[in-house]
Amino acid sequence: SSGINAEYGEDGVARQKEKALHLSQLVDRASECIPRGAICDEIRDEIRALALSEGGLLCNEYRRVLWPRFLDIKPDSILTECDITEFRDFTQVCLDVHRCNSRIKRGTSAAKVRAIKDSLKNVICKSLDEKPNRHYYQGYHDVSLTLYYVLGERLAGVLMSRLCTSHLSSHIRQNLDETSAQMGLIVPLVSQKSVDLADFIQQSEAGTMFSLSWIITWFAYVMTDEDVIYRLYDVFLTSPPLMPVYMSAAIVLHRKRDIMAVECELSSVHQVLHRLPQDLPLDMLIRHACDLLQEFPPAVIKTLPVKQLEVILKVPRFGYLDWSKDWGKMLIETLNTPAGIAITSSVLVGFAAFMVSVYAGRLHF
């Protein structure tokens, strides 16, 4: 994974060699579990820990075994055969697959490109055709292509079908309401760590559309380095389904300076959010996303309010009044002091004298 882990230093290289040995042994242990069915929790926990640690699962040789085994998919698993041309969204699938040339390595022969695209259509249509309530969305092909590159057509199809029951289930509905709800969790999550950044995004009215391709393709649409994409998939495949939301929030927080440097209006803020840098410090962001997940687990972030900035009102001659404070309580406490009692008494005596004079004037008139 040279695209991510180019500079480890001597200590880092030693750690990576040690990790590679650990992964090799883990692959053997995970493979030994195949005849017995599901892998044990100990092995699953090890896979997850290594996937989240520096460099992830390192290379596709390990991913080819560990991704399916983590999801309890056997190497000989297959999907039900079907006529993909009868799939209801076949025309749209063909259009999207035709446009995925940017993710096919330059110099690939025309025959190989056709073979890749034919296999990709099979992965998409067969995995979705397994259940009638599965609907294709633009971006499903990006996830499918990533799995195809690592696992090949057969296992990629099986894995995509499994993800339709878990991680991708929100996106394969008839509409994107559940996906929109996930996107709506990003700013409240950001506000827990940076109220001013969340307020800036809200004030700009940029919304959350910038994160759509992040969420539904697991960043495969916006990242150009396949090694980076595989590294992110290590994380998403071994984490709860909402992990792309936590990663999105971590990226937005990391880019706070860039975001708040532009004019606070819709097009400027959307543009800076949408244009994701390709040199992100991935391992650091993964750690931050994991920290957010631990602090605000899925059951919590679905009810998180957006933290608000304290409202500061400038009053001439009297400086600033901070309306986030409990002024009623402070006033009562002040009135209970000797000075407060004296001032209150003076005000009441003055008011009584004023009312007496007004009443006396009326009688005289």
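Please read these numbers as outputs of a predicted model, since none were measured by experiment.

What about the overall build of the protein?
Phase 1 of the analysis: On a plain count of helices and strands, the protein comes out with 19 helices and two strands.
Phase 2 of the analysis: Buried residues in the protein amount to 45% of all 365 residues.
Phase 3 of the analysis: Sequence separation of 24 or more characterises 74% of the internal contacts of the protein that already satisfy a separation of 6 or more.

What to know about helix H12 (residues 226-237)
Side chains that are three or four residues apart share a direction in an α-helix, a result of its 3.6 residues per turn.
Phase 1 of the analysis: Between the first and last C-alpha of H12 there are 16 Å, a value that for 12 residues agrees with the 16 Å anticipated at 1.5 Å per step.
Phase 2 of the analysis: Among the 12 residues in H12, 11 count as buried, and that is most of the element.
Phase 3 of the analysis: A distance of 2.9 Å separates the backbone nitrogen of Asp227 from a side-chain oxygen at the start of H12, and that oxygen is part of Asp225.

Focus: the side chain of Glu226
Phase 1 of the analysis: Relative to the helices and strands, Glu226 is located in helix H12.
Phase 2 of the analysis: Exposure remark for Glu226: the relative accessible area of 19% places this residue in the buried category.
Phase 3 of the analysis: When sequence neighbours within four positions are dropped, the list of residues in contact with Glu226 reads Arg103 and Tyr149.

A few points about the packing of aromatic side chains
Phase 1 of the analysis: Per the counting criterion, the structure on display carries nine aromatic pairs.
Phase 2 of the analysis: An angle of 75 degrees between the planes, with centres 5.3 Å apart, marks the rings of Phe210 and Trp214 as edge-to-face.
Phase 3 of the analysis: Exposure remark for Trp214: the relative accessible area of 1% places this residue in the buried category.
Phase 4 of the analysis: Ring centres of Phe219 and Phe236 lie 6.1 Å apart, and the angle between their planes is 15 degrees; on these two criteria the pair is classed as stacked.

With respect to the nonpolar core
Phase 1 of the analysis: In terms of nonpolar packing, the biggest core is built from 104 residues, with Tyr140, Leu147 and Phe219 touching the most fellow members.
Phase 2 of the analysis: Filtering out sequence-adjacent residues up to four positions away, Tyr140 remains in contact with Ile124, Ser127, Leu128, Met160, Cys164, Leu168 and Ile172.

Comments concerning the packing of helix H3 (residues 60-70) against helix H6 (residues 140-151)
Phase 1 of the analysis: As a packed pair, H3 and H6 sit with axes 9 Å apart at the nearest point and diverge in direction by 110 degrees. Considering their axes alone, H3 and H6 lie roughly perpendicular with respect to each other. Together, Asn60, Arg63, Arg64, Trp67 and Pro68 of H3 and Leu147, Val150 and Leu151 of H6 make up the contact between the two elements.
Phase 2 of the analysis: Here the residues of the contact of H3 with H6 are counted per class, giving five nonpolar, one polar and two charged.

Some points on helix H7 (residues 153-163)
Phase 1 of the analysis: Of all 11 residues that make up H7, eight are buried, and the element is covered over most of its length.
Phase 2 of the analysis: What H7 keeps buried is the set Leu155, Ala156, Gly157, Val158, Leu159, Met160, Ser161 and Leu163.
Phase 3 of the analysis: Where H7 is buried, its residues contact H3, helix H5 (110-129), H6 and H12.

Regarding the pattern of salt bridges
A side chain of one charge can pair with a side chain of the opposite charge if their charged atoms are brought near each other.
Phase 1 of the analysis: For the structure shown, the criterion picks out 17 salt bridges.
Phase 2 of the analysis: Residues Arg44 and Asp41 are paired through a salt bridge, measuring 3.7 Å at the closest nitrogen-oxygen approach. Of this pair, Arg44 and Asp41 are both found in helix H2 (residues 41-52), three residues apart, which corresponds to roughly one turn of the helix.
Phase 3 of the analysis: A relative accessible area of 15% means that Arg44 is categorised as buried.

Section: the confidence of the model for the protein
Phase 1 of the analysis: Averaged over every residue, the pLDDT of the protein is 86; the share at 70 or more is 81%.
Phase 2 of the analysis: The low-confidence segment residues 1-7 (pLDDT under 50) makes 13 contacts with residues lying over four places distant or belonging to another chain.
Phase 3 of the analysis: Low pLDDT, under 50, characterises residues 311-325; the predicted model gives this stretch 19 contacts beyond four residues in sequence or across chains.

Quick word on the side chain of Ser213
Phase 1 of the analysis: Mapped onto the fold, Ser213 is located in helix H11 (residues 212-217).
Phase 2 of the analysis: For Ser213, a relative accessible area of 12% gives the class buried.
Phase 3 of the analysis: For Ser213, the residues in contact, after removing those within four places along its chain, are Trp218, Phe219, Tyr221 and Val222.

Considerations on unusual backbone geometry
Phase 1 of the analysis: One non-glycine residue, Asp72, lies in positive phi territory at about 60 degrees.
Phase 2 of the analysis: Topologically, Asp72 is positioned in the loop between H3 and helix H4 (90-98).
Phase 3 of the analysis: The exposure class of Asp72 is partly exposed, given its relative accessible area of 30%.
Phase 4 of the analysis: A positive phi angle, close to 70 degrees, is found at Phe219, a residue other than glycine.
Phase 5 of the analysis: By secondary structure assignment, the location of Phe219 is in the loop between H11 and H12.

Notes on the state of the cysteines
Phase 1 of the analysis: Under the criterion given, the structure shown has zero disulfides.
Phase 2 of the analysis: Free cysteine Cys125: the closest other cysteine sulfur is in Cys94, separated by 6.8 Å.

Conventions we followed
Residues numbered from 1 in each chain as written. Predicted model: local features only at pLDDT ≥ 70, side-chain atom pairs only at ≥ 80, totals over all residues. Heavy atoms only, no water. Helix = DSSP H or I, 4+ residues; strand = E, 2+ residues; numbered from the N terminus. Buried < 20%, exposed > 50% of the residue type's maximum accessible area, 1.4 Å probe, protein only. Contact = heavy atoms within 4.5 Å. Expected span 1.5 Å × (residues − 1). Polar contact = N/O pair within 3.5 Å; in protein donor to acceptor, adjacent residues only side chain to side chain. Phe/Tyr/Trp six-rings, centres within 6.5 Å; stacked < 30°, edge-to-face > 60°. Core = buried A, V, L, I, M, F, W, Y, C linked by side-chain atoms within 4.5 Å. Axes fitted to C-alpha atoms, helices over the stretch in contact; angles between N-to-C directions. Parallel < 35°, antiparallel > 145°, perpendicular 65-115°, else oblique. Nonpolar A, V, L, I, M, F, W, Y, C, P; charged D, E, K, R; others polar. Salt bridge = Lys/Arg side-chain N within 4 Å of Asp/Glu carboxyl O. pLDDT = per-residue confidence, 0-100. Disulfide = S-S within 2.5 Å.

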